Amino acid sequence: MAAAAGALAPPLVPRASARPEGVNRPELLPRERVSVIDLQKWLTAAERGRLERLISNLERDTGFRLRVLTQQYPETPGLAVKDYWAVDGRTVVLVADLGINGRARANVLNFNVGDALPFSNTFWSRLQSKYGNTFYVKENGIDSAIMEAAGALADCLRRGEPYCAAPPLTVSEFL
């Protein structure tokens, strides 16, 4: 009886706001191991190179690992990146995604954060809000959002402070 009543009741969460289904598509991953997977081609070759160097130096200097994925759901490797990158407690995965079919999202940057990173949830929210918001992306481009967020994160990790309360200022904010 309870099952029949539940089947007739309206869903508790409207379909439009439901969480997208999980994806596991390792075939979208490159064969060679890279730290930046730019499925959407939002980064130039020079930007990818700078990002790879920043990531390599950050890992060498701090032991923390940053990985970057650009995607547009549902074209995503999804869960497959966890094994591909051997994600652990010292890894941050920055995901840039315009959302389902490129429909505007409030924020295009998301961070999957290992539990050994020394920052509070407030830091991650501020980093996401500063660089991933639609206004920043519209004015500066999604490539700049990715590069600036990665640079700010690297700067905070290099400081060695137990907590970084907010992303560091950019040069343009000093002018």
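Residue indices follow the written sequence of each chain, beginning from 1 at its first position. In view of the model being predicted, local features appear only for residues whose pLDDT reaches at least 70, and side-chain atom pairs are presented and counted only at 80 or more, with totals across whole chains, interfaces and linings using the full set of residues. Hydrogens and water molecules were not included; the side-chain quantities draw on all heavy atoms of the structure.

Visitor: Could you clarify how one ought to interpret the packing of aromatic side chains in this entry?
Guide: In this analysis, rings of Phe, Tyr and Trp, with Trp reduced to its six-membered ring, are considered paired at centre separations within 6.5 Å, and the interplanar angle assigns stacked below 30 degrees, edge-to-face beyond 60, and tilted for intermediate values. Using the criterion set out here, one finds six aromatic pairs in the structure. Measuring from centroid to centroid gives 4.4 Å for phenylalanine 119 and phenylalanine 123, while their planes differ by 40°, and the two rings are tilted. Neither phenylalanine 119 nor phenylalanine 123 differs from the other in exposure class; each is buried. Remark: a charge is flagged as sitting over a ring if the NZ atom of Lys or the CZ atom of Arg is within 6 Å of the ring centre and within 35 degrees of the ring normal. Lying across the ring of phenylalanine 64, arginine 90 places its NZ or CZ 4.0 Å from the centre. When accessible area is computed with a 1.4 Å probe and restricted to protein chains, residues below 20% of their type maximum are described as buried, those above 50% as exposed, and intermediate ones as partly exposed.

Visitor: It is not clear to me how the packing of helix α4 (residues 121-132) against helix α6 (residues 142-159) should be interpreted in this structure. Could you clarify?
Guide: Describing two packed helices takes the angle between their axes plus the distance from one axis to the other. Orientation is described by lines fitted to C-alpha atoms, with helices fitted over the stretch in contact, and by angles between N-to-C directions that extend from 0 to 180 degrees. Here a helix means four or more residues in a row that DSSP labels H or I, a strand means two or more in a row labelled E, and each is numbered from the N terminus. Close contact between α4 and α6 brings their axes to 9 Å; oriented N to C, the two are set at 150°. When the axes of α4 and α6 are compared, the pair comes out roughly antiparallel. In terms of crossing hand, the pair formed by α4 and α6 is right-handed. Taking contact as the criterion, the partners of Phe123, Trp124, Leu127 and Tyr131 in α4 are, on α6, Ala145, Glu148, Ala149, Ala152, Leu153 and Cys156. Its residues placed into classes, the contact of α4 with α6 shows nine nonpolar, no polar and one charged. When describing relative orientation, an angle under 35 degrees is termed roughly parallel and one over 145 degrees roughly antiparallel, while 65 to 115 degrees is termed roughly perpendicular and anything else oblique. Each crossing gets its hand from how the near helix is turned against the far one by less than a right angle, where anticlockwise is left-handed and clockwise is right-handed. Between two residues, a contact is recorded if the distance between any of their heavy atoms is within 4.5 Å. Residue polarity is assigned by list, with Asp, Glu, Lys and Arg as charged and Ala, Val, Leu, Ile, Met, Phe, Trp, Tyr, Cys and Pro as nonpolar; anything else, Gly included, falls into the polar class.

Visitor: Is there a simple way to explain the sheet that holds strand β1 (residues 36-38) in this structure?
Guide: Backbone-to-backbone hydrogen bonds pair the strands of a sheet. The strands run either parallel or antiparallel. With respect to topology, four strands assemble into an open sheet ordered β1-β2-β3-β4, the strand pairing being mixed. The open sheet has two free edges, formed respectively by β1 and β4 (109-113), since each of these has just one partner strand. Looking at each pair of strands side by side, their axes are set apart by 15° on average, direction ignored. Pairs of strands are assigned from DSSP output, requiring at least two bridges between the strands. Note that strand β3 (residues 91-97) and β4 share five bridges and pair antiparallel. Directly across from valine 93, in β4, lies its bridge partner asparagine 112. The sheet contacts of α4 involve β3 and β4, and relative to β4 the element is tilted by about 155°. Sheet contacts for α6: β2 (65-71), β3 and β4; angle to β3, the most-contacted strand, approximately 165°.

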